[in-house]
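Residues per chain, in single letters:
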Amino acid sequence: SAVISQKPSRDICQRGTSLTIQCQVDSQVTMMFWYRQQPGQSLTLIATANQGSEATYESGFVIDKFPISRPNLTFSTLTVSNMSPEDSSIYLCSYLGVQETQYFGPGTRLLVL
Amino acid sequence: DAKTTQPTSMDCAEGRAANLPCNHSTISGNEYVYWYRQIHSQGPQYIIHGLKNNETNEMASLIITEDRKSSTLILPHATLRDTAVYYCIVTSTSGTYKYIFGTGTRLKVLA
């Protein structure tokens, strides 16, 4: 499987600010996904990001709050906008690999004060 | 809602087999069963997946019942490093490829 990385690995931010999380895969992939994992909870899908098209958001997630870019087949970004303490979570990206299996990045741990 | 149901937690003695059950009674004919685990809030790690036949790889075995309404992940010789949350996911491999995570099973391997 391809290597997938995320930046930053963690951050502490002030409320009202925005943070952009980067996700890089070392080979070209068609589909990428963004998830949120709130403290002590399971993963929740935020959106699916395909290159060359707008991201598809899940119920409860909107583009104004979580804008996503997918400029090429190896890279995607997720921005968490106008943050509040409730946005404190682990944010994970994944890509769709062989046999339609998703492979996950290490996650970005966000704490909003 | 998640399409799977798993026990909240399980314990297993080190060196013994860990058998983790999953119920997916509403599974459709074109949906696969995937298993992942998450150690200490790291990114989930892929373990194994299957459609209807039993599968085995270097990490685990997957046993799917004939009616496909449930499955069991088997870690043949559990070690302390297998302590993790294990997720069973049902998804179609055509279309959206979305994963809906349930609450998972927290497996604790005891020395």
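Details of the structure are given in the entry above.
Remember, predicted model here, so these are calculated numbers, not experimental data. (Residues numbered from 1 in each chain as written. Chains lettered and ligands numbered in written order. Predicted model: local features only at pLDDT ≥ 70, side-chain atom pairs only at ≥ 80, totals over all residues. Heavy atoms only, no water.)

## Overview of the interface of chain A and chain B
Reports often express the size of an interface as the amount of accessible area lost when the parts come together. Going by this rule: By definition in these notes, contact holds between two residues if any of their heavy atoms fall within 4.5 Å. Buried area adds together the accessible area that both of two parts lose upon being put together, with accessible area traced by a 1.4 Å probe. What counts as a salt bridge is simple: a side-chain nitrogen of Lys or Arg found within 4 Å of a carboxyl oxygen of Asp or Glu. Within 3.5 Å is the distance limit for a polar contact, defined as a pair of N or O atoms, with the added protein rule that one can donate a hydrogen and the other accept it, and that residues adjacent in sequence qualify only through two side-chain atoms. Helix numbering and strand numbering both begin at the N terminus, where a helix is a DSSP run of H or I of at least 4 residues and a strand a DSSP run of E of at least 2. Classes in brief: Ala, Val, Leu, Ile, Met, Phe, Trp, Tyr, Cys and Pro nonpolar; Asp, Glu, Lys and Arg charged; the others, Gly included, polar.
Contacts between the two partners involve 22 residues from chain A and, on the opposite side, 19 residues from chain B. Ranking the residues of chain A by area buried against chain B places Leu43(A), Glu100(A) and Phe104(A) at the top, with a combined share of 28%. The interface formed by chain A and chain B contains one salt bridge. Notably, a salt bridge pairs Lys98(B) with Glu58(A), separated by 3.1 Å at the nearest N-O pair. The tally of links between chain A and chain B comes to nine residue pairs in polar contact (both at pLDDT 80 or more). Counting residues per element, the side of chain A that touches chain B draws most heavily on strand 4 (residues 31-37) of chain A, which supplies four residues. Grouping the constituent residues of the side of chain A that touches chain B by class yields eleven nonpolar, eight polar and three charged.

## Considering the state of the cysteines
To keep it simple, the criterion reads: A pair of sulfur atoms, both from cysteines and within 2.5 Å, is called a disulfide here. When accessible area is computed with a 1.4 Å probe and restricted to protein chains, residues below 20% of their type maximum are described as buried, those above 50% as exposed, and intermediate ones as partly exposed.
A complete count under the given rule lists two disulfides over all chains for this structure. The disulfide partner of Cys23(A) is Cys93(A), and the S-S distance across this bridge is 1.9 Å. Across the S-S bond of Cys23(A) and Cys93(A) the torsion is about 75°, and the bridge reads as right-handed. Of this pair, Cys23(A) sits in strand 3 (residues 19-25) while Cys93(A) sits in strand 9 (residues 89-96), and the two are 70 residues apart along the sequence. The class of Cys23(A) is buried, set by a relative accessible area of 0%. A sulfur-sulfur separation of 2.1 Å characterises the disulfide bridge that pairs Cys22(B) with Cys88(B). Taking the torsion about the sulfur-sulfur bond, which here is approximately -80°, the covalent link between Cys22(B) and Cys88(B) counts as left-handed. One end of the pair, Cys22(B), is in strand 2 (residues 18-23); the other, Cys88(B), is in strand 8 (residues 84-92), and 66 residues separate them in sequence. Taken as a pair, Cys22(B) and Cys88(B) share a single burial class, namely buried. In this structure Cys13(A) is a free cysteine whose sulfur lies 17 Å from that of Cys93(A), the closest cysteine sulfur available. Judged by its relative accessible area of 9%, Cys13(A) falls in the buried class.

## Some points on the environment of Arg81(B)
All names here are of chain B. Mapped onto the fold, Arg81 is located in the loop between strand 7 (70-75) and strand 8. As for Arg81 and Glu14, which are separated by 67 residues in sequence, their C-alpha atoms are 9.7 Å apart. Excluding its chain neighbours within four sequence positions, the residues that come into contact with Arg81 are Arg37 and Ile39.

## What about a nonpolar patch on the surface?
All names here are of chain A. Test applied: Within the patch definition used here, like charges are joined within 9 Å and nonpolar side chains (Val, Leu, Ile, Met, Phe, Trp, Tyr) within 5 Å, considering only residues with over 30% relative accessible area and no salt bridge. Throughout, the Shrake-Rupley method with a 1.4 Å probe supplies accessible areas, and for residues the shown protein chains are the sole cover considered.
A cluster of nonpolar residues, Ile12, Leu111 and Leu113, forms a patch on the protein surface that exposes about 280 Å² of accessible area. Within the secondary structure, Leu113 sits in the segment after strand 11 (108-112). With a relative accessible area of 46%, Leu113 lands in the partly exposed category.

## Let's talk about the sheet that holds strand 3 (residues 31-38) of chain B
Pairing between the strands of a sheet comes from backbone hydrogen bonds, and it takes one of two forms, parallel or antiparallel. Residue and element names in this part refer to chain B. Rule in force here: Strand pairing is defined by DSSP finding a minimum of two bridges between the two strands. Fitted lines through C-alpha atoms give the axes, limited to the stretch in contact for helices. The angle between two N-to-C directions lies from 0 to 180 degrees.
The strand order across the open sheet built from five strands is 1-9-8-3-4, with neighbouring strands paired in mixed fashion. Edge positions in the open sheet fall to strand 1 (9-13) and strand 4 (45-50), since each of these has one partner strand only. Strand-to-strand twist across the sheet, computed as the mean angle between neighbouring axes with direction ignored, equals 25°. Bridging between strand 3 and strand 8 involves eight bridges; their strand directions are antiparallel. Looking across to strand 8, one finds that Tyr32 is bridged to Thr91.

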